[in-house]
Structure formats: C-alpha cells, structure tokens
Amino acid sequence: MDQTRRGFLKAAGCAAIGAGLALPIGRAVAGAVVADPLPGGLTAKRWAMALNVRKCLQRDGCRACIDACHVEHNVPSIADVKREIKWVWKEPFKDTFQTEVHQHMDSALSEKNVLVLCNHCDNPPCVRVCPTKATWKRPDGIVMMDEHRCIGCRYCIVACPYGSRSFNWQDPRPFITTGIRVEYPTRTKGVVEKCTFCTERLAKGLLPACVEVCNKVAGRGTMIFGDAGEVNSEIVRALRAGFSLRRKPALGTEPQVYYIV
Amino acid sequence: MLEKALHGSSRYWTLIIALSILALVGVAVYLKQLTTGLVITGLSRDVPWGFYIAQLTFLVGVAASAVMVVLPYYLHDFKAFGRLTILGEFLAISAVTMCLLFVVVDIGQPYRMLNLFLHPSPSSLLFWDAMVLQGYLFLNIIIAYVTFTSEKKGVHPPSWIKPFIILSIPWAISIHTVTAFLYSGLGARPFWLTAILAPRFLASAFASGPSLLIILCLILRKFTKFDAGDEAIKKLSQIVTYAMAANIFFVLVELFTALYSDIPEHKHHFEYLFFGLHGHNALVPYMWTSQILAVTALVLLLFPKIRTNFTYLPVICAGIITAIWIEKGLGMVVTGFIPSPLNKVNEYAPTLPEGLITIGIYAGGFLILSVLYKIAVAVREELEA
C-alpha cells in the first residue's frame, strides 16, 4: 500500500479527533454573555406565578388563557394526543397532585381540572441534562429555550417531572389553524418547545398573554404573575395569605408556579 | 491491510452484499425520517425515547464487554485469549459505531449535532456519553491496529501501546456506567432512580457481549480456518455464567426493593412491565419471554457438560442475547415512561420505518464487523500457512 497515503490518512484522522476533543474544552473556558434589559421592560428578581384554583374553577371549562397563549406563540393544534404541542393546558387535579389527593377530598377540587405549564423551576432538571445549553435559566428565574440550538435529543422531556415540554415530531406550521402570527417565530420539526413566561412580552412591558386575558375574563387575582423575590409584591402577599401547593416539591426542583387552594 | 477484505469466497461476498442491501434500505428510510420528522416512529409525547435508545443501551454493553477478553489476556496473561482479543476489540469497534449511529438517528436535528461540541455541557450525561463513546472507539481502533500489525509482522507490540490497553479497561466500565447514569439520575423517572442500574447494566453486558463473541467464534471456526480454541470458548462460557447469575440477582434485588417497599410510584412501573397497568400490557409477553429465557439459560449453563457442549452452547448464548436485548432494551427504556409524570398510560410500539432503520444500522455494524473479521482471518491464515 502507498505509505504516504496511509500516513496522510492517519494524520488527518488524529487531527479530526484532536479538534473534536479540544474544541469543547476551549468553549467551556469562554464565558457567557448576558444582555441588558430593554428600557420600558418588566423586570424582577424572580418571576413566579400563583394560580387561584377555586377562582379558576368558578369558570370551569374556560380556555381563555390556553387559547391566548397558543395563538400568541403559534402553537399548532395537533389532534393526535401522542404528537400534541402544549404550552399551557388543563389536567385533572388528582393526576397533577397525585400525592395530595385522598378519597375523602372535596370532589369539587379533586375531580376537576387545573392549569399546568412549565414551572420555571429554581433547580431545573431540564437545564441540567441539556447537552447543548439550548435550555437555560435566566437570572430572573425564567427557564428559556433556544429552538435554534436544540438538537432534538429530548433528554429535557425525559428529565422534566411535570411533562411540561413538547417535541415537534413533524413540521408544526401546517397545524397552526388560527393563521401564523408574524410577530412570533414558528418552530421547525425536530426541536423542543415550552412556555417561556412570555419573555418577549415582558421585554415590552406587558404581562404574559395568559395572565392578561385572565385578568380581563376572570378578574384580577385568578392568575397572579409577579416578583417572588420582592417581599411585598402582590404574589408574595397572596401566597402568604392562603394555603398553596406546588407540584412534586419532594423532588427538590423548587417549582415557581404555585396553586392556591 | 484493508485489501485483504477485497478477496473472498462467494459466501463472503453474499454476506457483504446482503448486509449492504439492508444498510441501504435503512439509509433510504432514514432519508424519509429526515424529511418528515420523527413522526414516522412510534415515539410520542409520553414515550419520547424508544427503540433507537434501547439499541444504544444494549450495544454499549456489547462494546464494553470487550473488557472481558482484554482484561484476562493483558492483566492476567491468560494466554488462551491470545487469538480472541482481536475479535473482542473488533466487535467493540463495530458496536460503538452502531451506538453512535443510533444517537444520530434518534435526534430531531442531526444537522446541528456538532452543537454537542460547540456548546459543551459537563452537567449533561448525554454530553459525557458522546465523549466516552468516541474515546472508547478511538482507543479500540489504535489498540487493535497497533497490536494486529505487530502480530502480522511477527513482532511484539511496541511498549507505548500498553498504557492505552490498560486505560481501555476502566474506560470500558465507564462507557456503560455513564450510559446507566443517563437514566438513573432523574428524579422525574422513579423506575430508573436506582443505584443498582449501573451494576446491572455491567452484569448484563458481560453476559450478552461474551455470548455474542462465543457465537461469532463458533461461526468463524465452522466457515474459516480461524480457531479461537476450545479453552478460550469454554472460559468465555464460564464468564457468561457468572455474569448472568449476577444479572438475575440484581434484577431480583431491584424487584424486592420496589415491591416490598410498596411505594406506588416505584411499584406501578414494575406492575406495567410484568402484569400490565389499567389493561395496557404491550410489554408483558416480551418481558416474561425474557425472564424465562434468562433463568433457563442460567440453569443450563450451571452444568459444565452442557456449557462446554459446542452444539448446545450457541443456542443458550442466543437465548441470553435475546433475553437481555428485551430486558435492557425496550423493557428498561419504555417502562420508565409508563405511567407518565401526569399518570397517563400511553403505550409504545416501534413502527415499520423505525424497525427498518434499526435493521439498517445493525447491518452497517455487521458489515464493518465482517470486513474486520475477514482481515483478521486472512492474516491468521497467512501466518499459519
């Protein structure tokens, strides 16, 4: 065999492997860049949400927040439950709080549906497992998602104890039945998406779409969105005044969506 | 050396062509998956990992099991494994290649795969899995290449290769440990949240990998002049026996903890796996098949007369491979998702395209293996002529 050709192939192979190993190390050493908030945007030390379950249940069957969110963010309506994309939706209380229900519980609560969404955990397992930093926690606590970096490995879906993440099993655009909103990007097939607490609206000084519509439809205080890092904020006062639950607190994820019951 | 793979009998070429066709079918179906998305698989919101990741898990075990021939030969100077070692290393190369391909076909955006290296995330076990698998592939390629060329020239391998060989031993353990940690570190999935998972993976790997190696040795002995030797094959069957006993013990330990503690979120998964949950029982017949095969194989292996009978042995080995392929493949992966975190039971079954892609990757892996074994056999025949 041609010795020089073999020598070249060996050298090229070693170089490729060397680059593959050296690049990650170089990248790991380089730091992250944090952008400054825009003027006029809403800011917080720690964004959080409190849902007043009894108030919400007075309008049993209401979908205002779900529809507002899904239209706002071009979330497709896929009929096949196995391939659904959902940012916020309803689940039976007894499945959402499996360890809290018992047979004598008020069925007006245990048999009803509650709103579920990404909990924007303080200690998010999805962020820990992501192999490309396509999902991360912002300094204000919001767990963000970069659908352009996501490789679609679905490890975050596997690691999320709440089932809050959706994968695009196919191109979602044909399923956006309400017409594509050009102000918000659509997604491609093969990436994960989820609720972002409407970071794009907060940056413009607006409340999340679900909260805004709920305030109009159900009245203030049904969905409370605010700064859990501020001692006298509306959300902290509401949580102090009543009894609230969080989903699967024993896992140590520190979810930041509270259910006032 | 590769030119040795270009001259072969018609039987060899039939094998090569058959494997190539299956691999090409896999490529064609994969192109379909690439254009339409993973919707062509049976995967879903509730069961986001399935057949592909199951094969990855099983094959990492096969790759790691090369250590079962490397360790006795290089650390204990067990001479009988002299001829076998190269077969084990080549099997590892082929298995790791298949593992990496299964990762590629499982991800939704393979074009962005380099993001794994552009945005390295040491907190992610998937990042580490990709790193250790590549490292293991690299180690096995160098070791096999250097030791094999030395053997061909009739000289001792250079001494600088020894540290690489020693490193490959803990590295083999590491690839399967990291694969187990992919699963066992997740609070969201109580079924996998067990410290026994990594030891169990290793035990089942050391049973299934050497079983495959025994079958391959017996095939080579039958169709070529390459003979790994009776002593080597018998020793492998002993290794399989011990590993299988350990594996069954670990499974029972796990069952005890989950069932006796009676904690619903742990128990429900095992109920689904062995008896079905709320009338859903897709995995039940497979799991019982697996367990019956495993116990029967172990009982048979315990008798030295059966274990050393080269007519029965490959059949028992095939039983072990099947049992473990089911148990740590779909049984282990899919059950972790059922019931879901929101208490739903959405079952999973692979689709035809998913099956064809999987067969395509196996065909590709065995194509690599056939070429490598062909070279090994040709060189051996030359040396002995």
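Residues numbered from 1 in each chain as written. Chains lettered and ligands numbered in written order. Predicted model: local features only at pLDDT ≥ 70, side-chain atom pairs only at ≥ 80, totals over all residues. Heavy atoms only, no water.

K.L.:
I'd like a description of the packing of helix α2 (residues 51-64) of chain B against helix α4 (residues 84-106) of chain B, backed by residues and values.
P.N.:
All names here are of chain B. Relative to each other, α2 and α4 sit at 160°, their axes nearing to 8 Å. With respect to α4, the axis of α2 lies roughly antiparallel. Remark: the crossing between α2 and α4 carries left-handed chirality. Counting all contacts with α2, which are made through Y52, I53, Q55, L56, L59, V60, V62 and A63, the residues of α4 involved are L91, A92, A95, V96, M98, C99, F102, V103, V105 and D106. Of the residues in the contact of α2 with α4, the class split is 16 nonpolar, 1 polar and 1 charged. (Axes fitted to C-alpha atoms, helices over the stretch in contact; angles between N-to-C directions. Helix = DSSP H or I, 4+ residues; strand = E, 2+ residues; numbered from the N terminus. Parallel < 35°, antiparallel > 145°, perpendicular 65-115°, else oblique. Left-handed = near helix turned anticlockwise from the far one by under 90°. Contact = heavy atoms within 4.5 Å. Nonpolar A, V, L, I, M, F, W, Y, C, P; charged D, E, K, R; others polar.)

K.L.:
Outline the state of the cysteines, listing residues and values.
P.N.:
The full count for this structure, using the stated rule, is 0 disulfides over all chains. Free of any disulfide, B:C217 has its nearest neighbouring cysteine sulfur in B:C317, separated by 10 Å. (Disulfide = S-S within 2.5 Å.)

K.L.:
Please set out a nonpolar patch on the surface residue by residue, giving values where relevant.
P.N.:
Residues and elements named next belong to chain B. A contiguous nonpolar patch, built from L6, W13, I17, I21 and V25 and spanning about 460 Å² of accessible area, is present on the exposed surface. With respect to the helices and strands, V25 occurs in helix α1 (residues 10-36). Classification of V25 as partly exposed rests on a relative accessible area of 34%. (Patch = residues over 30% accessible without salt bridge, like charges linked within 9 Å, V, L, I, M, F, W, Y side chains within 5 Å. Areas by Shrake-Rupley, 256 points an atom, 1.4 Å probe, with all protein chains shown as cover. Salt bridge = Lys/Arg side-chain N within 4 Å of Asp/Glu carboxyl O. Buried < 20%, exposed > 50% of the residue type's maximum accessible area, 1.4 Å probe, protein only.)

K.L.:
Talk me through empty space enclosed by the protein; I want residue IDs and the actual numbers.
P.N.:
Residue and element names in this part refer to chain A. One pass over the structure, following the stated rule, counts 9 cavities of 30 Å³ or more. Computed from the structure, the largest cavity encloses a volume of approximately 180 Å³. Around the largest cavity sit 17 residues that line it, and C56, L115, C214, T222 and M223 are the ones nearest its centre. When residues of the lining of the largest cavity are traced back to their parent elements, those giving at least two are β1 (47-52), α2 (53-57), α3 (64-72) and β3 (113-117). (1 Å grid on protein atoms, 1.4 Å probe; cavity = no way out; pocket = protein on both sides within 12 Å on 5 of 7 lines; lining within 4 Å. Points joined across faces, edges and corners; volume = space filled by probe spheres on them.)

K.L.:
Please set out the pattern of salt bridges residue by residue, giving values where relevant.
P.N.:
Oppositely charged side chains can pair when the atoms bearing their charge come close. All names here are of chain A. Per the stated rule, a full pass over the model turns up 31 salt bridges over all chains. Here R63 ties to D67 by a salt bridge, and the two come within 3.0 Å at their closest N and O atoms. On the basis of relative accessibility, which here comes to 38%, the residue D67 falls in the partly exposed class. Across the pair E72 and R201 runs a salt bridge whose closest N-O atoms are separated by 3.3 Å. Here R201 lies in helix α8 (residues 199-202) and E72 lies in helix α3, a separation of 129 residues in the sequence. A residue is classified by how much of its surface remains accessible, and R201, at 7% relative accessible area, is buried. A network of salt bridges, in which partner residues are shared, links E72, R181, E183, R201 and E212.

K.L.:
Any details on unusual backbone geometry? Residues and values, ideally.
P.N.:
For the bond running from B:I338 to B:P339, omega is 0°, close enough to zero to count as cis. Relative to the helices and strands, B:P339 is located in the loop between α13 (312-335) and α14 (352-384). Positioned with a positive phi, A:H120 is a non-glycine residue whose angle comes to about 45°. Its place among the elements puts A:H120 in the loop between β3 and α6 (125-129). Positive phi, normally seen in glycine, also occurs at B:N343, with a value near 65°. Considering the arrangement of structural elements, one finds B:N343 in the loop between α13 and α14. Taking relative accessible area as the criterion, B:N343 reaches 30% and is therefore assigned partly exposed.

K.L.:
Go over the packing of helix α6 (residues 125-153) of chain B against helix α7 (residues 162-184) of chain B, please, and point to the residues and values.
P.N.:
All names here are of chain B. Two elements in contact, α6 and α7, have axes whose closest approach is 9 Å; the angle formed by their N-to-C orientations is 150°. Taken together, the axes of α6 and α7 are roughly antiparallel relative to one another. For α6 against α7, the interelement crossing comes out left-handed. Here α6 contributes L125, L126, W128, D129, V132, L133, G135, Y136, L139, I142, I143 and T147 to the contact with α7, which in turn contributes F164, I165, L167, S168, W171, A172, S174, I175, V178, T179, F181 and L182. Split by residue class, the contact of α6 with α7 holds 18 nonpolar, 5 polar and 1 charged.

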